[in-house]
Amino acid sequence: MLKGKTALVTGSTSGIGLGIATALARQGANIVLNGFGDLEGPKAQVAGLGVKVGYHGADMGKPADIEDMMKYAAAQFGRVDILVNNAGIQHVAPVEDFPPERWDAILAINLTSAFHTSRLALPAMKQANWGRIINVASVHGLVASAQKSAYVAAKHGLVGLTKVTALETATSGVTCNAICPGWVLTPLVQKQVDARAAAAGVSNEEAKKQLLAEKEPSLQFTTPCSEAAKNVRGVAWNMDGGWAAQ
Ligand code: NAD
């Protein structure tokens, strides 16, 4: 379905980003990976699906790196047709103890990076009259949890950016939407499970159960490769041409 298209997925060396990159490659899209850590595993996983794979190691907290990455993608693949703004980090602390540099990093990586990639991808998408921008927000783009001020602020901001981008592209072939997952068992969440297990002196399994019970009525994690829609519950999914975004 996506043969000949190119998808750039930020933060795609792990977790949800790698899951999305793999799913898009399965549909035939060429993929530009981005992120830190092990590269060879993710590259091989996606290339094994028979599509072209590129990689750029831009730090999503650095606008100059993002410009380089977008230039690289255009030079290697012609155009980014599908942009998935997924890179994200977390830090947990009450507002008065929240380290200011962690606040700045979370806002930069989880929110501002999506502004930069979008502003740089949109001209070619508009010219082609086709594009898909998918912002991986979070349920924390819609509701809050204590101790997550920067993350909740960034994700609410990302939902706002999604709406504005959707309005500005509303009469074109470009769409912009956000995905708002609850708990997905990735390294980002495993860190929170480990912290809870250590603080409460309970096992990893017990910490997982407590985490789920607090927030997620299905009592199960979503996984990046879940059966389609298995943990989509109780949402109202708009197909309203941008009406409710106004
Ligand atoms: P993860 O830690 O498994 O993956 C994060 C990815 O981002 C990795 O590839 C990492 O290398 C990359 N990354 C981190 N900092 C970066 C930077 N400065 N520049 C470039 N890449 C960077 O986390 P995940 O759970 O897969 O999270 C992916 C996205 O999904 C995040 O935006 C997160 O907020 C969101 N999300 C996660 C959950 C969850 O429960 N795991 C729920 C809702 C939303």
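None of the values given here were measured: they were computed from a predicted structure. (Residues numbered from 1 in each chain as written. Predicted model: local features only at pLDDT ≥ 70, side-chain atom pairs only at ≥ 80, totals over all residues. Heavy atoms only, no water.)

Asks: Kindly report on the sheet that holds strand E2 (residues 30-34), identifying the contributing residues and their values.
Replies: The sheet built from six strands is open, its strands ordered E3-E2-E1-E4-E5-E6 with parallel pairing. Edge positions in the open sheet fall to strand E3 (53-56) and strand E6 (174-179), since each of these has one partner strand only. Neighbour-to-neighbour, the strand axes of the sheet open up by a mean angle of 15°, direction not taken into account. Across four bridges, strand E4 (residues 82-85) lies against strand E5 (residues 131-136) in parallel orientation. Paired with Leu83 across the bridge in E5 is Ile133. The strands touched by helix H4 (residues 100-128) within the sheet are E4, E5 and E6, with E4 carrying the most contacts at an inclination of about 170°. (Pairing = 2+ DSSP bridges. Helix = DSSP H or I, 4+ residues; strand = E, 2+ residues; numbered from the N terminus. Axes fitted to C-alpha atoms, helices over the stretch in contact; angles between N-to-C directions. Contact = heavy atoms within 4.5 Å.)

Asks: Can you break down the packing of aromatic side chains residue by residue, with the values?
Replies: Following the criterion strictly, the structure yields zero aromatic pairs and no others. For the cation-ring pair, Lys5 lies above Trp130, with the distance from its terminal atom to the ring centre recorded as 4.3 Å. (Phe/Tyr/Trp six-rings, centres within 6.5 Å; stacked < 30°, edge-to-face > 60°. Lys NZ or Arg CZ within 6 Å of the ring centre and 35° of its normal.)

Asks: Quick rundown of the pairing of strand E1 (residues 6-9)? Include the residues and the values.
Replies: Sheet faces and side chains relate simply in a regular strand, where the side chains alternate between the two faces. Side-chain alternation along E1 places Thr6 and Leu8 on one buried face and Ala7 and Val9 on a second face that is also buried. Two elements, E1 and E2, share four bridges in a ladder whose sense is parallel. Within E2, the position partnered with Ala7 by the bridge is Ile31. (Buried < 20%, exposed > 50% of the residue type's maximum accessible area, 1.4 Å probe, protein only.)

Asks: Give a description of the site of the ligand that names residues and reports values.
Replies: The full set close to the ligand counts 30 residues, and Ser14, Asn86, Tyr151, Val184 and Thr186 are the nearest of them. Within the side chain of Ser14, one N or O atom sits 2.6 Å away from an oxygen atom of the ligand. Relative to its unbound accessible surface of 830 Å², the ligand loses 93% to contact with the protein. Those elements giving two or more residues to the shell around the ligand turn out to be helix H1 (15-26), helix H5 (149-168) and helix H6 (187-200). Looking at the shell around the ligand, the element that brings in the most residues is H6, giving three residues. (Near = heavy atom within 4 Å. Polar contact = N/O pair within 3.5 Å; in protein donor to acceptor, adjacent residues only side chain to side chain. Areas by Shrake-Rupley, 256 points an atom, 1.4 Å probe, with all protein chains shown as cover.)

Asks: Can you tell me about the nonpolar core, naming the residues and giving the values?
Replies: By size, the foremost hydrophobic cluster in this structure holds 20 residues, and its most contacted members are Leu8, Met60, Met70 and Leu83. Elements represented by at least two residues in this core include exactly helix H3 (63-77), H4 and E6. Broken down by element, the residue count for this core peaks at five residues, all from H3. In contact with Met60, not counting residues within four places along its chain, are Thr10, Asn34, Ile66, Met69, Ala87, Ala108, Ile109 and Ser113. Grouped together as the second largest cluster of nonpolar side chains are 16 residues, Leu2, Val9, Leu18 and Val51 included. (Core = buried A, V, L, I, M, F, W, Y, C linked by side-chain atoms within 4.5 Å.)

Asks: Tell me about the packing of H6 against helix H7 (residues 204-215), residues and numbers included.
Replies: The angle between the axes and the distance between the axes are what describe a pair of packed helices. Packing of H6 against H7 leaves a shortest axis separation of 8 Å and a crossing angle of 110°. In terms of axis orientation, H6 runs roughly perpendicular to H7. Residue-level inspection shows Val189, Gln190, Val193, Asp194, Arg196 and Ala197 of H6 in contact with H7, the latter providing Asn204, Ala207, Lys208, Gln210, Leu211 and Glu214. Looking at side-chain class alone, the contact of H6 with H7 contains five nonpolar, three polar and four charged residues. (Parallel < 35°, antiparallel > 145°, perpendicular 65-115°, else oblique. Nonpolar A, V, L, I, M, F, W, Y, C, P; charged D, E, K, R; others polar.)

Asks: Break down the pairing of E5 for me, with residues and values.
Replies: Read from E4 through H4 to E5, the crossover connection turns out right-handed. Pairing of E5 with E6, which is carried by six bridges, proceeds in the parallel orientation. Across the sheet, residue Val136 finds its bridge partner in E6, namely Ile179. Each parallel crossover has a hand, and for E5 linked through H5 to E6 it is right-handed. (Right-handed = clockwise from strand over helix to strand, strands pointing away.)

Asks: Describe empty space enclosed by the protein, and please don't skip the residues or the numbers.
Replies: A complete count under the given rule lists one cavity of 30 Å³ or more for this structure. Lining the largest cavity are Thr10, Asn85, Asn86, Ala87, Ile109, Asn110, Ser113, Ala114, Val136 and Leu158. For the lining of the largest cavity, the element with the highest residue contribution is H4, accounting for four residues. Grouping the amino acids of the lining of the largest cavity by side-chain chemistry returns five nonpolar, five polar and no charged. (1 Å grid on protein atoms, 1.4 Å probe; cavity = no way out; pocket = protein on both sides within 12 Å on 5 of 7 lines; lining within 4 Å. Points joined across faces, edges and corners; volume = space filled by probe spheres on them.)

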